[in-house]
Every structure is written in C-alpha cells, then in structure tokens.
Amino acid sequence: MNNITLAPVQTDQPSHLMPVFGRQPISFVRGQGAHLYTADGTEYLDALTGIAVCGLGHSHPAITAAIAEQAATLIHTSNLFEVPWQTAAAQKLAEVAGMEEVFFSNSGAESNEGAIKIARKFGHMQGVASPKIIVADHSFHGRTMATLSATGNKKVQEGFGPLVEGFIRVPFGDIEAIEEAAIHHPDIVAILVEPIQGEGGVNTAPQGFSYLEEIRRICNQHNWLMMLDEVQTGNGRTGKYFAYQHTNIIPDVLTTAKGLGNGFPIGAVMTQGRGVGVLTAGNHGSTYSGTALGSRVVYTVIDTIQKENLVENAANMGAYLVEQFTEQLAEQNVTVRGFGLMVGIELPKACGELVNIARDEHHLIINVTAGSVIRLLPTLNINKKQADILIERIVKMVKNFLA
Ligand SMILES: Cc1ncc(COP(=O)(O)O)c(C=O)c1O
C-alpha cells in the first residue's frame, strides 16, 4: 500500500465538472472486498457497490490481475482486427446468458441503444415503415436520447424534447394494456422491459415473473421481439445468472452492463432466436467495442462468478436478507421485496435522508430509490457475518427512523 497514490491532492480551486450529479459529501480512496475507505482510513460497509456494479467486491485479486496484466500486454487494437479476448468473452457470456450473438458496448444505455436499433431494423425487414416498441411506466433504460425517451420517468426526459418517437408506454405488469396496444398499433415490433425495475423501486410485476412468460406468449403470437433490459439484474445479481432464468422462457434480445465489468465500463447487447442476424456488417459499431482489456475483464468476471459460486451465494444470502428484514421489521409497516442480492425495503414514508444517516451514523453505504425504497445491492460474495452486520445496521436505523 505504501507507495500507491490513492488520489490526487485536493485543491481549493473551483470545480470544472459539469454539475449533473448530486454528490454526497464524502469520497473514498480505497476499496477492499465489501468495504470502502476514506483517506483517513475510516471503513464503510458498501451495500450499493457502485450501483450494482462491483459484484465481486472492490479490488478483487482476479480482476486486478487481469487488468494489470492485460494493460501491460495490449489494451486496444480496434475491430479492424480479430480480438481473441473478445471472441473468448463473447463465448463465455453467450453460454451463461443462453444467447447466440453478442455485441460489446460501453455502458447500459449503449446496450439498450443497440436493442432499439435491432427492433427497428427487425421491423423494417418486415416492411414496417415506422416500427414501434412497447415500454413500461417507471422503467429506466439510460440517458442517451433514445433510451431516455424509452424511460418511463418524466424527470429524466424534462428539458430534452423532442423525444425520440416510436415508443408506446404501458403500465408495468399490465398484460391487458399490451394486448390493447397490439389491437391499435399494427406497427409494434418489440417489447422492452426490465425483469425487475431497479431505479423504479425494486419492482417485480404484481404477477411476479409470470409477467415475462405472458410477454413471451404475446411476442410469439405477433412475431415481436421480446427484449429484456438486464443492465441491473444481470450477472448473478438476482440469484440466477440473468433474471429471466427464474422463468422457463428466453428473450430474443438481452442487454446488460454494470456487473459485467465489475467497474470496468463495458456492456453487451445479445440476441438469440428471431433476434439473430438482424444487425449485419456496417449496421452497428463503436470504436471501443470489446477492447482486449475490456473483454479480458468480462471473461475474468464470469470465470470468477462461476469458480466462486457467486450466483448461488447471491440466491442464499439474498433469501436470508429478505427473511431477516421481513421478520425483524414485522412491526414497522414496511414491505420487503427483491430477488437475490437486489433487495428493496419500502417504507411507509419518504426516506431519502436515510442515505446520509446510514453513512454518517452507521458507516453503511446504501441508496434510496423511488422516494421511499431503501435499495440494497451488496457484493455477490457477501458472507454471513457481513450480512448480519448489514441487517443489524439497517434494522436499527429503520426502527429509529419510523419510531
Ligand atoms: C435497468 C437499467 N438500464 C439501463 C441503465 C443505464 O446504464 P448506464 O448508466 O450504464 O448507461 C441502468 C442504470 O442504472 C439501469 O438500471
């Protein structure tokens, strides 16, 4: 540790950063496993993991070694050449995702842009001049123009009109609304939803995952693409490698990012079934698509998740968290929900200030989403002892807050 520069010296000059983020008054200079550390060495339990990103924990030795070795060997050549690590990463990802084709992007939003392009091209291939995609209320798909237009949150869209057209919005979980839309819009070509809405409040559909099975049935009936945004729910987070694997169906298009790179910025859009072969040479691309460095990270992340049985751990520890919160907060009028290590605790009132209380009084990093939902996204390798500490701190804090 001694000779490592942890962060540049702070200056008192005005910041040149665009003020788009509401930042907390703290910064971390080091991370180790499930913990983050400030410059003075104070330890915080991280139950947010960079918003569902660092599933393997901070500074995981396999990821650190993969990045260091590859950075010292070859970082990037462009896709004008074969990239062996990209081929290997795609093979590994396709296997765990049950998909056939993989395109590596650089973020979740870009992965969803790829999905939207696939849907439109799929429509045009069938002579649909103005293809439409069904999306859900309270969804979040990203901040680029097309993905913010697909997003079901007015705040994200405000000030950026005209929005990208071609999206038809329905209430999340409402199958009748989809069937109704099918009657009125003959130019629908696809549905894009999150299996569990993350930013929207850790929401599963009221009918649970059978919602996805119903969507699959409708997509088959109308020859639409079933597209799932697993940017947040993918990569072991919900106790299956991808959340759709809680069901018996498989989507045509699957997007992911976040946990795919454990902090290295990389995402993917994948296809199988009727999604295969839609995008062809010259249709899509990105300078950074699947660099040698990024691809090796993806390969290593998947390899590590498999070797360390982290999907099983996420399922077991997640079930334990939900059980304990439900039991220990039984008298607090809260709703505990989630799958695997994507856990939401909905309080009966707005609770945004709990982020500060958790951090300052309990040395715990959490997030509050949709105004009143504590969202927990701890490391996939969280152990029982760490889970018990997390439970103890959250229960104490919620009881105090609601007293
Ligand atoms: C479901 C979902 N889709 C897309 C995104 C956008 O991902 P990114 O921020 O990497 O562009 C997010 C980010 O929170 C997300 O949760």
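Thresholds, definitions, all that
- Residues numbered from 1 in each chain as written.
- Predicted model: local features only at pLDDT ≥ 70, side-chain atom pairs only at ≥ 80, totals over all residues.
- Heavy atoms only, no water.
- Domains from an automatic or database assignment.
- Contact = heavy atoms within 4.5 Å.
- Buried area = accessible area lost by both parts, 1.4 Å probe.
- Salt bridge = Lys/Arg side-chain N within 4 Å of Asp/Glu carboxyl O.
- Polar contact = N/O pair within 3.5 Å; in protein donor to acceptor, adjacent residues only side chain to side chain.
- Helix = DSSP H or I, 4+ residues; strand = E, 2+ residues; numbered from the N terminus.
- Near = heavy atom within 4 Å.
- Areas by Shrake-Rupley, 256 points an atom, 1.4 Å probe, with all protein chains shown as cover.
- Nonpolar A, V, L, I, M, F, W, Y, C, P; charged D, E, K, R; others polar.
- Pairing = 2+ DSSP bridges.
- Axes fitted to C-alpha atoms, helices over the stretch in contact; angles between N-to-C directions.
- Left-handed = near helix turned anticlockwise from the far one by under 90°.

A. Up close: the domain arrangement of the protein. Assigned domains within the protein: domain 1 (30-56 + 309-402) and domain 2 (63-307). Opposite the 27 residues of domain 1 that make contact, domain 2 presents 30 residues. Of all residues in domain 1, Leu56, Phe339 and Met342 bury the most surface against domain 2, accounting for 32% of the area lost on that side. Linking domain 1 with domain 2 are one salt bridge, by the criterion used here. Between the two partners, domain 1 and domain 2, sit 16 residue pairs in polar contact (both at pLDDT 80 or more). Contributing elements (two or more residues each) for the side of domain 1 that touches domain 2: helix H1 (49-52), helix H10 (310-328), strand E11 (335-339), strand E12 (342-346) and strand E15 (373-376). Per-element tally for the side of domain 1 that touches domain 2: the top contributor is H10, with four residues.

B. The site of the ligand, seen in detail. Close to the ligand lie 13 residues, the nearest being Gly108, Ala109, Asp229, Gln232 and Lys258. The backbone of Phe140 places a nitrogen or oxygen atom 3.3 Å from a nitrogen atom of the ligand. Within the side chain of Lys258, one N or O atom sits 3.2 Å away from an oxygen atom of the ligand. In the complex, 81% of the free accessible area of the ligand, which totals 390 Å², lies under the protein chains. Top contributing element to the shell around the ligand by residue count: helix H4 (residues 108-125), with three residues. Residues belonging to the shell around the ligand are distributed by class as follows: three nonpolar, six polar and four charged.

C. A look at the sheet that holds strand E5 (residues 132-136). Here seven strands make up an open sheet; going across it, the order is E4-E10-E9-E8-E7-E5-E6 and the pairing mixed. Looking at which strands have only one partner, the edges of the open sheet turn out to be strand E4 (101-105) and strand E6 (167-170). Direction aside, neighbouring strands of the sheet carry axes that sit 20° apart on average. Pairing analysis gives three bridges linking E5 to strand E7 (residues 188-193), with the strands arranged parallel. What sits directly across from Ile133, in E7, is Ala190.

D. Summary view of the packing of helix H3 (residues 84-97) against helix H9 (residues 292-307). Viewed as axis vectors pointing N to C, H3 and H9 meet at an angle of 35°, and their least axial separation amounts to 8 Å. Remark: the crossing between H3 and H9 carries left-handed chirality. Counting all contacts with H3, which are made through Trp85, Gln86, Ala88, Ala89, Lys92, Leu93, Glu95 and Val96, the residues of H9 involved are Ala292, Ser295, Arg296, Val298, Tyr299, Ile302, Asp303 and Gln306. Residues that form the contact of H3 with H9 fall into these classes: nine nonpolar, three polar and four charged.

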